[in-house]
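# A look at the structure
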Amino acid sequence: MTPTPVYLDHAATTPVLDEVVEVVVRTMRQVGNASSLHSPGREARRVVEESRERVAEALRVRPSEVIFTSGGTESDNIAVKGTYAARLAAGRDSGARRDRLVVSGVEHHAVLDSVEHLVRHQGARVTWVEPDADGVVTPQALAAAIEADGGPGTVALASVMWANNEVGTVQPVPELAAVAHEHDIPFHSDAVQALGQVPLDLSAVDLGVVTGHKIGGPLGVGVLTAGRDQSPVPLTHGGGQERQLRSGTLDTPGIAGLAEAVAHAAEHQASHARHLSVLRDALIEGALALDDGITVSGRWSPGDVTGRLPGNVHLRVADCEGDSLLYLLDAAGIACSTGSACQAGVPRPSHVLLAMGVPEAEARGALRLTLGHGSERADVDAFLAALPPALERARRAHAASRSRA
């Protein structure tokens, strides 16, 4: 008999809210390109601009600062690559050498890979800001990185994510942004995981990023917030939409659905966080009680809804491979993820855990469980029941592989 699936991977994507589906379907039935001047086009434009106002209010920015994109990855690329190009050009005009990026070592690959691209192909330099053992990037660490390698005048952009997608650590972003602003350095923050789980005010940063599918919105639509004084060089060209930063026909139904999801996330953030934190704490405490070889990554204390994402559980399991444990849990009907980034089919330890100082052997035994809309106590109980037999088999496989080696 196939077990009832238990979904514990909401950080990857979460189910679409019913009210979002209704908005998207209703808007899809309306014809009109938001860039057209006739009546159907103007009606589509009205939907887009009303959605922009809803998103701006929820994120605490001006409507003119909301740029609609295809999601978090595109938004991060525009913010990092576009701002680097703009600041590099402005520096040349003034005789400054703004060719350096100051970036935390725990960023999402949308940021990391953008930075590496600039290093390989544009001659950029990067100063990595490493976190403490809990994954926190302190203002002092950011200030030291800005002062290094040529000083503040060489920095094109500073970037630290609002909340980590693997270990759930929430960063002191307003304080970090203030450090960058002391030197007139634009500050970018990927807030994809933070929206709906912790209070979010993107007016604190120059460039902020959220996406729809992490909060019950549609796939394929997201937001870049860009302050009015920010002019990243666009990565695409065509119609000049979205302040000429993101050309292309606007996805009116997707934008309407995104606005519904963002507004819902902001309105229900506090109650949602309380609900998730109760489940998170039960999951963590239950797992720790099952096995002495299980530890929690990142900072955690019961009831905390500010220092750690309330829906994030990240466990390190001794003497087994996280991938093996994932597949065994999947066979038992539990959908979760590891802390690994799989590139070209080769599992590698999480760069986040390594940056936090976790030994590689420990980092390989990572398991991420994330809660969201629809998560219930029964999901926690199902995981805790499935974990011991999966853990026993994963450890046997690990021991056998070590003996063969």
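In case you missed it, the structure is sitting above this.
Residues numbered from 1 in each chain as written. Predicted model: local features only at pLDDT ≥ 70, side-chain atom pairs only at ≥ 80, totals over all residues. Heavy atoms only, no water.

### Side note on the overall build of the chain
Under the convention used in this document: Starting at the N terminus, helices and strands are each numbered in turn, a helix being any DSSP run of H or I of at least four residues and a strand any DSSP run of E of at least two. Just to be clear, the radius of gyration here is over C-alpha atoms, and the globule rule we use is 2.2 Å times residues to the power 0.38. Partly exposed residues are those whose accessible area sits between 20% and 50% of the maximum for their type, while under 20% is buried and over 50% is exposed, using a 1.4 Å probe and protein chains only. Here, two residues are considered to be in contact whenever any of their heavy atoms come within 4.5 Å of each other. The method behind every accessible area is Shrake-Rupley, applied with a 1.4 Å probe, and residues are considered shielded solely by the protein chains displayed.
What the chain contains, in helices and strands, is 12 helices and 14 strands. Computed over C-alpha atoms, the radius of gyration of the chain comes to 22 Å, within 12% of the 22 Å expected from 2.2 N^0.38 for 405 residues, which places it in the range of a compact globule. With respect to the three principal axes, the spread of C-alpha positions in the chain is 65 × 55 × 40 Å. Across the 405 residues in the chain, those meeting the buried criterion constitute 55%. In the chain, 72% of the contacts between residues at least 6 apart in sequence involve partners at least 24 apart. When the accessible surface of the chain is split by element, carbon and sulfur atoms take 52% of a total near 17,000 Å².

### Some words on the pairing of strand β14 (residues 366-370)
Short version of the rule: The rule for pairing is simple: two strands pair if DSSP sees at least two bridges between them.
Counting buried residues in β14 gives five out of five residues, a clear majority hidden from the surface. Along β14, one buried face is formed by Ala366, Arg368 and Thr370 and the opposite face, lined by Leu367 and Leu369, is buried too. Here strand β10 (residues 312-317) pairs with β14 via five bridges, running antiparallel. Residue pairing for β14: Leu315 is matched across the bridge by Leu367.

### Observations regarding helix α7 (residues 252-267)
Stated precisely, the cut-off is as follows: One less than the residue count of a helix, multiplied by 1.5 Å, gives the span that helix is expected to have. Any pair of N or O atoms that falls within 3.5 Å is considered a polar contact. Within protein, one atom must be able to donate a hydrogen and the other to accept it, and sequence-neighbouring residues count only if both atoms are side-chain atoms.
With 16 residues, α7 should reach 22 Å at 1.5 Å per residue; the first-to-last C-alpha distance of 23 Å fits that figure. Most of α7 is tucked away, with 14 of its 16 residues classed as buried. Two or three places before Gly254, at the opening of α7, Asp251 has a side-chain oxygen 3.0 Å from that residue's backbone nitrogen.

### Some remarks on the environment of Val205
Examined against the element boundaries, Val205 turns out to sit in the loop between β6 (187-190) and β7 (207-211). Owing to a relative accessible area of 8%, Val205 belongs among the buried residues under this scheme. Sequence separation between Val205 and Asp251 is 46 residues; the distance between their C-alpha atoms is 26 Å. What Val205 contacts, discounting residues up to four positions off in sequence, is Trp162, Val173, Ala177, Phe187 and Ser189.

### Notes on the side chain of Glu260
Considering the arrangement of structural elements, one finds Glu260 in helix α7. Not counting residues within four places of it along the chain, the set of residues in contact with Glu260 comprises Glu19, Val20, Val23 and Arg54.

### A look at the sheet that holds strand β5 (residues 155-159)
To be explicit about the condition: Fitted lines through C-alpha atoms serve as axes, helices being fitted only where they are in contact, and the angles separating the N-to-C directions of these axes extend from 0 to 180 degrees.
What the seven strands build is an open sheet, ordered β2-β8-β7-β6-β5-β3-β4; its pairing is mixed. Every other strand in the sheet has two partners, leaving β2 (66-69) and β4 (125-129) as the edge strands with one partner each. The mean angle between the axes of side-by-side strands here comes to 20°, regardless of whether they run parallel or antiparallel. Sheet topology note: the β2/strand β8 (residues 222-226) ladder contains four bridges and is antiparallel. Paired with Ile67 across the strands is Leu224, a residue of β8. With respect to the sheet, helix α5 (residues 139-147) is in contact with β3 (100-104), β4, β5 and β6, its orientation differing from that of β3 by roughly 160°. Set on the sheet, helix α6 (residues 173-181) makes contact with β5 and β6; between it and β6 the angle comes to about 155°.

### Some words on the pattern of salt bridges
Just so we agree on the cut-off: For this document, the term salt bridge refers to a Lys or Arg side-chain nitrogen within 4 Å of an Asp or Glu carboxyl oxygen.
Per the counting criterion, the structure on display carries 17 salt bridges. The shortest N-O distance in the salt bridge between Arg62 and Glu65 comes to 3.1 Å. Across the salt bridge formed by Asp291 and Arg395, the nearest N and O atoms sit 2.7 Å from each other. Of this pair, Asp291 sits in the loop between α8 (269-290) and β9 (294-296) while Arg395 sits in helix α12 (residues 377-404), and the two are 104 residues apart along the sequence. Each of Arg45, Glu49, Arg52 and Glu242 takes part in a single network of salt bridges with overlapping partners.

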